[in-house]
Amino acid sequence: MTIGQRIAQKRKELGLSQEALGEALGVSRQSVYKWESGSALPEIEKLISMGRLFGVTIGWLLGVEEPVRPAAEEERAAPPEGGNDPGELTETQLKMVEEIVDRYLTARQPPKKRRWTRFIAAAAGIVLLAVLNSLRSDLRDMRNQYNSLQSSINSVTWSVDSQISGITNRVEEVLKNQNNLTASYGTEIVSADLAANTVTFTACAAPRTYTEGMTAVFVADDGNMVTEVPGELGAGQTFSAGLTSELTNEITISVVFVTGDVRETQLLDTHYGLYSDSLPDIDFDYMDAISAMMWKELNKAGELDWSDEYAAQRLNRSRKVVAADERIGRAEVKSIRIGLFRNQALLGWLEPCEKPDKFRSYDDGDYDFYRFPAVSVVPEVGDIFTVTAVVVDEYDREYIIKGLPYELDPEGRELTHSTTDNWVGMNSPEGWEY
């Protein structure tokens, strides 16, 4: 087992979330995740704190495999008052130093037969700690120098990027003005009908060169259908019209100037994300199901078994949900179902439940709790497992909020974060089976 796996094992045994463990150690949830995933190592101070919290030795966390002893046995092993000098290493400490030094030297050079005495091992351990402290100081200085250099590089990069962006924008503006058919134009959202899933715009455009008898047609393309509305000629030789189209995430509005048999088209505006912004705002990102997914091991039958697994959904009742655009509005939630999926096919729905013992450190008022379905499956290489929410709003519009994806590790023994499928977030229900 790696250090990260040992930390995760003890955290789960205590029923702590990554966030709760981070709070206990004075670090962020992201730091705990990095330790458990093996992308970063905890500092020695944090190892000491975790050892105390978990009731294990640092040697056990580092992989020395020293067995964990009950507290009563530890008390029996402690020297009596007036016994050993507090500065003198105990038998247990000497043994631990000897094992850690032996592992360190083994990693530095080919193994060979050698016999260490306890006192030499203790001295070597003290020297090693002094060297590590010196290295830590040097690394801290190097890190500060690196951060300073990186800051300077970022500053220069930002300056260059800003200049390039400014030049690019000016070039695009010049080209646009040269090819622009309009002297002026504008589009504006008027309103939306979420029950009908439509949005209404007004659009206006004045041609750069107006000729007698010229007409105009305004076009709205929502990706599913094209709507055309004739423009009305008004003051200042400006054409205008109102357009209603399906509410989607990309709607383009154009104008077509018609002179005799000549039709000239000019793109006016593109509106992005209107559909998504109208859906309910859900804090599904706070779903804590990692303890039931990350490093879940296959049982003796070669199955992934989710019996007696739980998840917590963090609520944010104090957050005021506002519409991204008041002219469109935002729908309310009608229902939320949270499911366990394999390759986007439902394995079973999670059921609301009372707070489990493993989540005893969680505040009841901040979380809802769920129990996983009692399902077991034999996974195959390439299978993607997720905990995903299916949301239906008050207008019966349905969408998916996908959770973190997991797959078998290279050894095929347990789940880990997927390296082939890493997208999360809102998505169309198309392609999902439930």
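Residues numbered from 1 in each chain as written. Predicted model: local features only at pLDDT ≥ 70, side-chain atom pairs only at ≥ 80, totals over all residues. Heavy atoms only, no water.

Points about unusual backbone geometry
Move 1: For Asn197, which is not a glycine, the phi torsion comes out positive at approximately 55°.
Move 2: Structurally, the position occupied by Asn197 is in the loop between strand E1 (182-193) and strand E2 (198-207).
Move 3: Overall, the relative accessible area of 15% leaves Asn197 in the buried class.
Move 4: If you check the backbone angles, Gln344 has positive phi at about 70° while not being a glycine.
Move 5: In this structure, Gln344 sits in the loop between strand E12 (333-342) and strand E13 (345-349). (Helix = DSSP H or I, 4+ residues; strand = E, 2+ residues; numbered from the N terminus. Buried < 20%, exposed > 50% of the residue type's maximum accessible area, 1.4 Å probe, protein only.)

Examining the pattern of salt bridges
Move 1: The final tally for this structure, using the stated rule, is 12 salt bridges.
Move 2: Two residues, Asp325 and Arg327, come together in a salt bridge whose shortest N-O distance is 2.8 Å.
Move 3: One salt-bridge network, in which partners are shared between bridges, spans Glu188, Asp325 and Arg327. (Salt bridge = Lys/Arg side-chain N within 4 Å of Asp/Glu carboxyl O.)

Considering the side chain of Thr187
Move 1: Relative to the helices and strands, Thr187 resides in strand E1.
Move 2: Side-chain polar atoms of Thr187 contact the side chain of Asp269, separated by 2.6 Å.
Move 3: A polar contact of 3.2 Å, which involves the side chain of Thr187, links it to the side chain of His271.
Move 4: For Thr187, the contacting residues outside a window of four places in its chain are Thr202, Ala203, Ile253, Leu268, Asp269 and His271. (Polar contact = N/O pair within 3.5 Å; in protein donor to acceptor, adjacent residues only side chain to side chain. Contact = heavy atoms within 4.5 Å.)

Thoughts on the packing of aromatic side chains
Two measures describe an aromatic ring pair: the distance that separates the ring centres and the angle between the ring planes.
Move 1: Tallying each qualifying case throughout the model produces 11 aromatic pairs.
Move 2: Measuring from ring centre to ring centre gives 5.2 Å for Phe341 and Trp432, while their planes differ by 85°; the resulting arrangement is edge-to-face. Residue Phe341 is located in strand E12, and its partner Trp432 is located in the segment after strand E21 (425-427); the two are separated by 91 residues in the primary sequence.
Move 3: For Trp432, a relative accessible area of 8% translates into the label buried.
Move 4: Linked through ring pairs, Phe341, Trp349, Trp432 and Tyr434 together constitute an aromatic cluster. (Phe/Tyr/Trp six-rings, centres within 6.5 Å; stacked < 30°, edge-to-face > 60°.)

Concerning the pairing of E12
Move 1: Pairing of E12 with strand E17 (residues 385-393), which is carried by 9 bridges, proceeds in the antiparallel orientation. Bridge pairing links Arg342 to Phe385 in E17.
Move 2: Two strands pair when backbone bridges link them, and E12 and E13 are joined in this way by 4 bridges, in the antiparallel orientation. What sits directly across from Arg342, in E13, is Ala345.
Move 3: Taking the residues between adjacent antiparallel strands as the criterion, E12 and E13 are bridged by 2 residues, where Asn343 takes a positive phi near 55°. (Pairing = 2+ DSSP bridges.)

Here we look at the sheet that holds E1
Move 1: Within the open sheet, the 4 strands sit side by side as E1-E2-E6-E5. Their pairing is antiparallel. Edge positions in the open sheet fall to E1 and strand E5 (232-233), since each of these has one partner strand only.
Move 2: Here E2 runs beside strand E6 (residues 239-246); their pairing, made up of 8 bridges, is antiparallel. Across the sheet, residue Phe201 finds its bridge partner in E6, namely Leu243.

Topic: the sheet that holds strand E4 (residues 226-230)
Move 1: The antiparallel open sheet is built from 4 strands, whose spatial order is E4-E3-E7-E8. The sheet is open, and its two borders are formed by E4 and strand E8 (262-272), each paired with just one other strand. Pairs of neighbouring strands in the sheet enclose a mean axial angle of 20°, with direction left out of account.
Move 2: As defined by bridge partners, strand E3 (residues 215-221) adjoins E4 across 5 bridges and the pair is classed as antiparallel. In the sheet register, Ala220 faces E4, and the bridge partner there is Thr227. (Axes fitted to C-alpha atoms, helices over the stretch in contact; angles between N-to-C directions.)

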